[in-house]
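# Chains, contacts and geometry: an overview
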Amino acid sequence: MKIGDLMNKDMIVLHEDDCIEKAIELILRHCRTGVPVLSQDGKVSGFVSEEDIIKNCLPGYITTLKNAAFLPDYGQFAKRFAAVRNRRVTDIMQKKVFCFKKEDSDFTVAAEMIRRHFKICPVVDDDGYYVGCVSRAYLIRAMMLEKNRGEKKEQRLRYE
């Protein structure tokens, strides 16, 4: 099955001039782990994930520590969030974004998503314009729909 047939075609996207707070609202409202960022011409210029947002609310040295339990809290996370929430998504987005083509097969997409540890990924047309996204959940949903179609066809054949 082609990924263009099972992808989510909702245009849940950010634009380069949107703020981080809008990214958070979209992620929460639509239960996504990330959202693509589009340039003015409709091409994918970046991607903002939950991880990108959280990393920007933590001090830079935090990833080098084995354990942050010994650090005093003092509301640091909330303070850092307040400081970054109005910044533009272009400040924190991943700029090198892997996109699938809508003609890619579901098998190829599933293999690449697992290999690259992607949870959600943009899908583009032949000209590079954003047309939707695919997630691990959509791949699983497609397998279940295909299974149900097969069972219904099998039932029809038994009764004919």
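Read on for an overview of the structure. (Residues numbered from 1 in each chain as written. Predicted model: local features only at pLDDT ≥ 70, side-chain atom pairs only at ≥ 80, totals over all residues. Heavy atoms only, no water.)

### Here we look at the nonpolar core
Generally speaking, soluble globular proteins have nonpolar side chains that are buried together. Here is the rule: Here, the term nonpolar core denotes a set of buried Ala, Val, Leu, Ile, Met, Phe, Trp, Tyr and Cys residues that are joined through side-chain atoms within 4.5 Å. Exposed residues in this analysis have more than 50% of their type's maximum accessible area, buried residues have under 20%, and partly exposed residues fall in between, with area computed by a 1.4 Å probe over protein chains only. In this description a helix means any DSSP run of H or I spanning at least four residues, a strand means any run of E spanning at least two, and both kinds are numbered starting from the N terminus. The contact criterion used is simple: two residues touch if any of their non-hydrogen atoms lie within 4.5 Å.
Ranked by size, the top nonpolar core spans 16 residues in total, and within it Leu14, Ile20, Ala23, Val37, Val48, Ile53 and Val89 carry the most contacts. For this core, the secondary structure elements donating two or more residues are α2 (20–29) and β2 (34–38). Ranked by residue count, the leading element in this core is α2, at 5 residues. In this structure Val37 touches Leu14, His15, Glu16, Lys43, Val44, Ser45, Gly46, Phe47, Val48, Val89 and Met93, once residues within four positions along its chain are discounted. Counting residues in hydrophobic clusters, the runner-up holds 11 residues, among them Met7, Val134, Leu139 and Ala142.

### As for a nonpolar patch on the surface
Here is the rule: The patches reported here contain residues having more than 30% relative accessible area and no salt bridge. Joining distances are 9 Å for like charges and 5 Å for nonpolar side chains (Val, Leu, Ile, Met, Phe, Trp, Tyr). Methods summary: accessible areas were calculated by the Shrake-Rupley approach with a probe of 1.4 Å, and residue burial reflects only the protein chains presented. For salt bridges, the criterion is a side-chain nitrogen of Lys or Arg within 4 Å of an Asp or Glu carboxyl oxygen.
Taken together, the side chains of Ile140, Met143 and Met144 make up a nonpolar region of the molecular surface, amounting to roughly 310 Å² of accessible area. Among the structural elements, Met143 can be located in helix α6 (residues 136–159).

### Describing the pattern of salt bridges
Counting across every chain of the model gives 6 salt bridges. Note that Lys55 is salt-bridged to Glu51, the shortest N-O span being 3.2 Å. A residue pair is termed a helical-turn pair when its members lie 3 or 4 positions apart in one helix, as Lys55 and Glu51 do in helix α3 (residues 50–55) at 4 residues. Judged by its relative accessible area of 47%, Lys55 falls in the partly exposed class. Close ionic contact of Arg115 with Glu112 constitutes a salt bridge, the shortest N to O distance being 3.1 Å. With Arg115 and Glu112 both in helix α5 (residues 106–116), this residue pair falls 3 residues apart, about one helical turn. Classification of Arg115 as exposed rests on a relative accessible area of 54%. A relative accessible area of 17% means that Glu112 is categorised as buried.

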